[in-house]
Amino acid sequence: MSSLEVRELSVTFGGVRAVDTVTLKAEAGKLTGLIGPNGAGKTTLLDACTGFVPSRGEVRLAGERIDRSPAYRRARRGLIRTFQTLDLFDDLTVGDNVAAGTPPEGRRRWWHQLRSMPSATSAAVREALEAVGLDGCAALFPGQLSQGQRSLVSLARALVARPDVLLLDEPAAGLDSHESDELGERLAAIRDKGTTILLVEHDMGLVLGHCDHVHVLDGGRMLASGTPGQIRENPVVRAAYLGEATEAAEEGIAR
Ligand SMILES: Nc1ncnc2c1ncn2[C@@H]1O[C@H](COP(=O)(O)OP(=O)(O)OP(=O)(O)O)[C@@H](O)[C@H]1O
């Protein structure tokens, strides 16, 4: 099991400091939530961890620095992510969409890799679809699924790569509260099988109901960290994120 850790991580776009000297950890084998208001820097932090934007500071996977590695090497080392925009291939079946997430094997030539690509019916694809509750949907096309189910296809495409650490960007978007609770159970089961998960999400029921630990970002900076219970009760978080003005929060923000 691997942890993911960032130390003093910063990302700047022109004059905007989207992530500002953030230090946080997704503990090995845990489901960690990352929450914060719109524009807080959550997606940018995932982009920096996975090598999609240049950053300053350290990113460590299982204790080893990966912040100088290109995105594909980080993925090969087991750091796999999903995107807010699902980017499914509408002309491919669900099974083929998931199969497309299979990582290439080592340095074999591309025609060998093509020949060894798993098919939509391979065991790895079946297993990934089962893990998200879409077994039986392999032959359907994304257009035949609900938005929530499409999000699950994107999750299955990440799982087929057998990640050590899985970064999820708002997988509950488009899910109703029942589906989102079900997703929480599935993520907990994936964690229990040994995958470390960092979950960016606005769905508070999912985060506070299922995560082991939660980090809160605001304006690119770490605002708070704690158990879901501690985060729920934190007056500064309630003021900044949940829109509740309290005296304690005002004192906290002023400090
Ligand atoms: N490619 C970019 N170029 C310029 N500014 C960017 C870029 N990507 C993000 N930003 C800015 O960085 C800040 C953080 O954005 P980010 O998307 O990381 O926030 P977020 O917490 O994921 O928000 P949301 O919950 O709405 O997805 C915002 O001010 C955003 O406008």
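Residues numbered from 1 in each chain as written. Predicted model: local features only at pLDDT ≥ 70, side-chain atom pairs only at ≥ 80, totals over all residues.

J.: Please give an account of the overall build of the protein chain that cites residues and values.
T.: A count of helical and extended segments in the protein chain gives 11 helices and 10 strands. Here the protein chain holds 255 residues, and the buried ones make up 40% of them. Pairs at least 24 residues apart make up 63% of the contacts formed inside the protein chain by residues separated by at least 6 positions. (Helix = DSSP H or I, 4+ residues; strand = E, 2+ residues; numbered from the N terminus. Buried ≥ 20, exposed ≤ 12 C-beta atoms within 10 Å, placed from the backbone. Contact = placed C-beta atoms within 7 Å.)

J.: Describe the site of the ligand, and please don't skip the residues or the numbers.
T.: Taken together, Phe 13, Val 16, Ala 18, Gly 36, Asn 38, Gly 39, Ala 40, Gly 41, Lys 42, Thr 43 and Thr 44 make up the full set of residues adjacent to the ligand. Put simply, the parts of the chain that give the shell around the ligand at least two residues each are β2 (16-26) and α1 (42-50). If you tally residues by element for the shell around the ligand, the top one is α1, at three residues. Its residues placed into classes, the shell around the ligand shows four nonpolar, six polar and one charged. (Near = placed C-beta within 6 Å. Nonpolar A, V, L, I, M, F, W, Y, C, P; charged D, E, K, R; others polar.)

J.: I'd love a proper account of the sheet that holds strand β7 (residues 165-169), names of residues and values included.
T.: Strand order in the open sheet formed by six strands is β6-β7-β8-β3-β9-β10, with mixed pairing between adjacent strands. Strands at the two margins of the open sheet, each flanked by one partner only, are β6 (79-81) and β10 (221-226). Looking at each pair of strands side by side, their axes are set apart by 20° on average, direction ignored. Here four bridges tie strand β3 (residues 31-35) to strand β9 (residues 213-218), and the two strands are oriented parallel to one another. Bridge pairing links Thr 32 to His 213 in β9. In the packing of α1 onto the sheet, contacts are made with β3, β6, β7, β8 (196-200) and β9, and the angle to β7 comes to roughly 150°. (Pairing = 2+ DSSP bridges. Axes fitted to C-alpha atoms, helices over the stretch in contact; angles between N-to-C directions.)

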